[in-house]
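Each chain is listed here by its residues.
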Amino acid sequence: MNYRNLAASLIIPRLDPEQWANEQYRNTIFSLVKEGILGFCLFKGKQESVKHLIGELQNYSNHSLLFCGDFENGLGMRFDESLDYPHAAAIANTNNLENAEQIGYSIALQMNSVGIHWNFAPVTDVNNNPKNPIINIRSFGSDPDVVSQYIERFIIGTQSAGVVACSKHFPGHGNVDIDSHLHLPSISSS
């Protein structure tokens, strides 16, 4: 393996299924696959067209591609015409840990049906700042002990269906008071 292929095997760029009709975009994606790219992160599209696109890219590649994305509350979070599940706060408000496991499992089954292997979920932030504009209902709550129990069960459900779970975000992100997608937040607590 040359250095170029080695570098490519470590990269997971964004794949925009809505751009697939553009020949130049398609050629760029195919060239990345030919270089040995590890896989792609998906953000939008229609579930059926994404499924076909993943199949097309898997067939074109000489190795298995890894597909991933943010599906905290189901494929409907990113794809049109897909199922949404309740946010983490709603799950925790049921006071039933089994619900977190079942929803993690169901989301993973959805992902399997499309060909996606890795879910950037669950959100593991503790929602301890009411001014936080980005975590809010994405968190299982403000009590670290309760949050950790729901996180564990969501991960168990996800991974028991054969999808890799990925806890996020950086520790303390639940305590920021600006949107980290737009600005670099800082936390003044120890």
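Residues numbered from 1 in each chain as written. Predicted model: local features only at pLDDT ≥ 70, side-chain atom pairs only at ≥ 80, totals over all residues. Heavy atoms only, no water.

A.B. asks: So what exactly am I meant to see when it comes to the pairing of strand β2 (residues 39-42) here?
C.D. replies: A two-sided burial pattern is seen for β2, the buried positions comprising G39 and C41 on one face and F40 and L42 on the other. Here strand β1 (residues 14-15) runs beside β2; their pairing, made up of two bridges, is parallel. Within the sheet, the bridge partner assigned to R14 lies in β2 and is C41. Handedness of the β1-helix α2 (residues 23-35)-β2 crossover: right-handed. Note that β2 and strand β4 (residues 66-69) share four bridges and pair parallel. Bridge assignment links L42 to a residue of β4, and that residue is G69. (Buried < 20%, exposed > 50% of the residue type's maximum accessible area, 1.4 Å probe, protein only. Helix = DSSP H or I, 4+ residues; strand = E, 2+ residues; numbered from the N terminus. Pairing = 2+ DSSP bridges. Right-handed = clockwise from strand over helix to strand, strands pointing away.)

A.B. asks: Looking at this model, I keep getting lost on the state of the cysteines. Mind explaining?
C.D. replies: What makes a disulfide is a covalent bond joining the sulfur atoms belonging to two cysteines. Evaluated as defined, the whole model comprises zero disulfides. Free of any disulfide, C41 has its nearest cysteine sulfur in C68, 4.1 Å distant. The exposure class of C41 is buried, given its relative accessible area of 8%. (Disulfide = S-S within 2.5 Å.)

A.B. asks: What's the story with the nonpolar core in this structure? I'm lost.
C.D. replies: Grouped burial of nonpolar side chains is what soluble globular proteins tend to show. In terms of nonpolar packing, the biggest core is built from 37 residues, with L15, F40, L42, L57, F67, I116 and F140 touching the most fellow members. Of all elements in the fold, only α2, β2, α3 (47-60), α4 (88-93), α5 (97-114) and α6 (144-160) reach the threshold of two or more residues within this core. The greatest single-element share of this core, amounting to six residues, is contributed by α5. Residue contacts for L15: discarding those within four places in its chain leaves Y25, I29, F40, C41, L42, F43, L53, L57 and F67. (Core = buried A, V, L, I, M, F, W, Y, C linked by side-chain atoms within 4.5 Å. Contact = heavy atoms within 4.5 Å.)

A.B. asks: Quick question: what am I supposed to make of α5 here?
C.D. replies: An α-helical turn contains 3.6 residues, so a residue and the one three or four places further along point in the same direction. Its 18 residues give α5 an end-to-end C-alpha distance of 27 Å, which sits within 8% of 26 Å, the value for a rise of 1.5 Å per residue. Turning to α5, its buried residues are A100, E101, I103, G104, I107, A108, Q110, M111 and V114. For α5, the elements touching its buried residues are α3, α4, β6 (118-119) and α6. Where α5 begins, the capping side chain belongs to N96, and its oxygen is found 2.9 Å from the backbone nitrogen of E98. Two residues or fewer after α5 comes G115, characterised by a positive phi angle close to 105 degrees. (Expected span 1.5 Å × (residues − 1). Polar contact = N/O pair within 3.5 Å; in protein donor to acceptor, adjacent residues only side chain to side chain.)

A.B. asks: How should the environment of W20 be read in this particular structure?
C.D. replies: Tracing the chain through its elements places W20 in the loop between β1 and α2. Along the chain, W20 and S49 lie 29 residues apart, while their C-alpha atoms are 9.8 Å from each other. Excluding residues that lie within four positions of it along the chain, W20 makes contacts with Y25, R26, I29, F30, L53, E56 and L57. At 3.5 Å, the side chain of W20 forms a polar contact with the side chain of E56.

A.B. asks: Help me out: how do you make sense of α6 in this one?
C.D. replies: The end-to-end C-alpha separation of α6 is 24 Å, in line with the 24 Å expected for 17 residues at 1.5 Å each. Those residues of α6 lying buried are V147, Y150, I151, F154, G157 and T158. Taken down its axis, α6 places every buried residue within 130 degrees of arc, on the same side. Buried residues along α6 sit in contact with α4, α5 and β7 (164-165). Regarding α6, its N-cap is D143, as a side-chain oxygen of that residue lies 2.9 Å from the backbone nitrogen of D145 further along. Positive phi shows up at G162, right after α6, with a value of about 85 degrees. (Arc of directions from axis to C-beta.)

A.B. asks: Honestly, the packing of aromatic side chains in this entry has me stumped. Any pointers?
C.D. replies: How two aromatic rings sit relative to each other is set out by the distance from centre to centre and by the angle between their planes. Tallied over the entire structure, the rule returns seven aromatic pairs. Ring geometry for W20 against F30: centres 5.3 Å apart, planes inclined by 70 degrees, an arrangement best described as edge-to-face. Here W20 is found in the loop between β1 and α2, whereas its partner F30 is found in helix α2, with 10 residues between them in sequence. The exposure class of W20 is buried, given its relative accessible area of 13%. Of the residues examined, F30 reaches a relative accessible area of 16% and is grouped as buried. Here the aromatic rings of W118 and F120 are separated by 4.9 Å at their centres, their planes lie at 75 degrees, and the arrangement is edge-to-face. What makes F120 buried here is its relative accessible area of 18%. Taking NZ or CZ as reference, R14 lies 4.1 Å from the ring centre of F43, over its face. (Phe/Tyr/Trp six-rings, centres within 6.5 Å; stacked < 30°, edge-to-face > 60°. Lys NZ or Arg CZ within 6 Å of the ring centre and 35° of its normal.)

Purely spatial values, then, with no claim about function.
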